[in-house]
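Spelled out, the chains give:
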Amino acid sequence: MKKTVRDIEIKGKKALVRCDFNVPMQDGKITDDIRITSALPTIKYLIEGGAKVILMSHMGRPKGEAKMEFTLKPVADRLSELLGQDVTFISAAEVVNQEVADAAAALEEGQVMLLENVRFRKEETKNEEGFSKELAQLGDIFVNDAFGTAHRAHCSTAGVADYLPAVSGFLIEKEVQFLGGAVENPERPFVAIMGGAKVGDKIPVIENLINKVDTLIIGGGMSYTFFKAMGLEIGTSILDEPSLELAKELMVKAKEAGVDMILPVDVVCAKEFANDSETITCDIDAIPADMMGLDMGPKSVAAVKKVLAEAKTVVWNGPMGVFEMSSFAGGTIGVAEALAESEAVTIIGGGDSAAAVEQFGFADKMTHISTGGGASLEFLEGKVLPGIAVLEDK
Ligand code: ADP
Ligand code: MG
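Values in this document were obtained by computation on a predicted structure and should not be read as measured data. (Residues numbered from 1 in each chain as written. Chains lettered and ligands numbered in written order. Predicted model: local features only at pLDDT ≥ 70, side-chain atom pairs only at ≥ 80, totals over all residues. Heavy atoms only, no water.)

Residue P189 is reached from R188 by a cis peptide bond, and omega for that bond is 0°. Mapping P189 onto the fold places it in the loop between α5 (170-184) and β9 (190-194). The residue D27 is not glycine, and still its phi comes out positive at about 50°. Topologically, D27 is positioned in the loop between β2 (25-26) and β3 (29-30). A positive phi is found at V95, a non-glycine position, where the angle reads about 70°. With respect to the helices, strands and loops of the structure, V95 is situated in the loop between β5 (87-89) and α3 (98-105). Taking the relative accessible area as the measure of exposure, V95 reaches 0% and is therefore buried. (Helix = DSSP H or I, 4+ residues; strand = E, 2+ residues; numbered from the N terminus. Buried < 20%, exposed > 50% of the residue type's maximum accessible area, 1.4 Å probe, protein only.)

This is the structure we're talking about:
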């Protein structure tokens, strides 16, 4: 277990906090502030505990230059509103300079400042010692609460921990508890549902989970590579050709591990990759040569629901079809519905799966929706994330 802000003395301490304020922006305005509101519990805990709070984050890809379209000023303004108190913001091209250091040193208990976009410095993504030291000199303790970048060893996510005692905030604590807990110590039956476009992107996750789950459900675009590997005709469905052999190996591995591997039995097909294309629903051994499978069919949804009804832990990564188009959203909605109804611990990892669950209104019915796309995948692969590895153990 990793230490959190609850496990250390915070009163009077300058807490250097890495947040994920990489919010979507349009014309200088924040279009979705969920990442800011999600960070509030940790920030408020620090304020109330009498810490002096120094926040840092990246936004976008300024590639090591002070490009003002990536300034964190709008985030500072939004944070001030949400916290109902001033958030000091100095837009320094160097991120840390004398003025910033003085402002940090002058903070009083409960006051908050936000540093400029850490990726204005080219050293940030290279985890170079010099910039890590500059950042670390501002604080007494390091709090990492940016799960979305925890799989990257950067100055602000990992490097600073060489110089400061490091603990997690509440967001990372929750990710470790659920993603880690599910994979390492699941209540059984443990079911993983894998979908999305390509097998290739998810192979390491499948390989890791295959040794841990009782049942593996494969759906979405990746299922066609498995069908092809089984010798079925898949028409013009998405095929991840380079992963064909691997798909075969994974089927063998599943069998050896005693894992039930479940694939769709029927699919919704269309001629065009378009919402208004005419559709047919057919069994998987009857996909017409000039059509592509874009969703799993109702028989498959029923079969999946049956498995999920028995499950005690479910990890879901990757949609079951092209859910962005209403004609091909049925499989994804069906699975989301089954998870919402289930008593199991339900964990959603992956950017598009999380978006689907939100979009269809099931978000509050899930045990945990991971906030980090790439980071949650690496976690499910069983990798050690640098931004978590640097945190002190309890
Ligand atoms: P996640 O972000 O949850 O890890 P992925 O990025 O792997 O998921 O996959 C999501 C994408 O897969 C979606 O944009 C969806 O439209 C696409 N997809 C799902 N099923 C199919 C299919 N049958 N054919 C083509 N694309 C598909
Ligand atoms: Mg995705």
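After presenting the structure, the write-up continues.
Before going further, it helps to spend a moment on the domain arrangement of the protein chain. Domain boundaries assigned for the protein chain yield domain 1 (5-171) and domain 2 (186-381). For domain 1 versus domain 2, the separation of C-alpha centres amounts to 37 Å. Across the boundary between the two partners, domain 1 contributes 5 residues, which contact 8 residues of domain 2. Taken together, both faces of the contact between domain 1 and domain 2 bury some 510 Å²; the carbon and sulfur share is 67%. (Domains from an automatic or database assignment. Contact = heavy atoms within 4.5 Å. Buried area = accessible area lost by both parts, 1.4 Å probe.)

Below, the discussion takes up the site of ligand 1. Surveying the vicinity of ligand 1 reveals 19 residues, the closest of which are K202, G221, E324, D352 and S353. In the environment of ligand 1, an oxygen atom lies 3.4 Å from a nitrogen or oxygen atom belonging to the backbone of G351. With respect to ligand 1, the backbone of D352 contributes an N or O atom lying 2.8 Å from an oxygen atom. Contact with the protein chains covers 84% of the free accessible surface of ligand 1, which is 570 Å². Where the shell around ligand 1 is concerned, the elements lending two or more residues are β14 (292-296) and α11 (351-359). Here the shell around ligand 1 gets 3 residues from one element, more than from any other, and that element is α11. (Near = heavy atom within 4 Å. Polar contact = N/O pair within 3.5 Å; in protein donor to acceptor, adjacent residues only side chain to side chain. Areas by Shrake-Rupley, 256 points an atom, 1.4 Å probe, with all protein chains shown as cover.)

Before going further, it helps to spend a moment on the environment of F178. As for its placement among the helices and strands, F178 is situated in helix α5. Put simply, F178 and V5 are 173 residues apart on the chain and 18 Å apart in space, counted from C-alpha to C-alpha. Residues in contact with F178, not counting those within four places in the same chain, are I347, T367 and H368.

Here we come to helix α6 (residues 199-210). For α6, spanning 12 residues, the distance from its first C-alpha to its last is only 14 Å, which falls clearly below the expected 16 Å at 1.5 Å a residue. Among the residues of α6, V199, K202, I203, V205, I206, N208, L209 and I210 are the ones counted as buried. (Expected span 1.5 Å × (residues − 1).)

What follows concerns the sheet that holds β5. What holds strands together in a sheet is hydrogen bonding between their backbones, with the strands either parallel or antiparallel. Judged by pairing direction, the sheet is parallel, and its 6 strands sit side by side in the order β5-β6-β4-β1-β7-β8 without closing on themselves. Either end of the sheet is taken by a strand with one partner, and the two such strands are β5 and β8 (166-168). Across the sheet, the mean angle separating the axes of adjacent strands is 25° when strand polarity is ignored. Both strand β4 (residues 52-56) and strand β6 (residues 112-114) contribute to a ladder of 3 bridges, which runs parallel. Within the sheet, the bridge partner assigned to V53 lies in β6 and is V112. (Pairing = 2+ DSSP bridges. Axes fitted to C-alpha atoms, helices over the stretch in contact; angles between N-to-C directions.)

We now examine the environment of G49. With respect to the secondary-structure elements, G49 resides in the loop between α1 (34-48) and β4. Taking the C-alpha atoms as reference points, G49 and I90, 41 residues apart in sequence, are found 24 Å from one another. Setting aside residues up to four positions removed in sequence, G49 forms contacts with I10 and K11.

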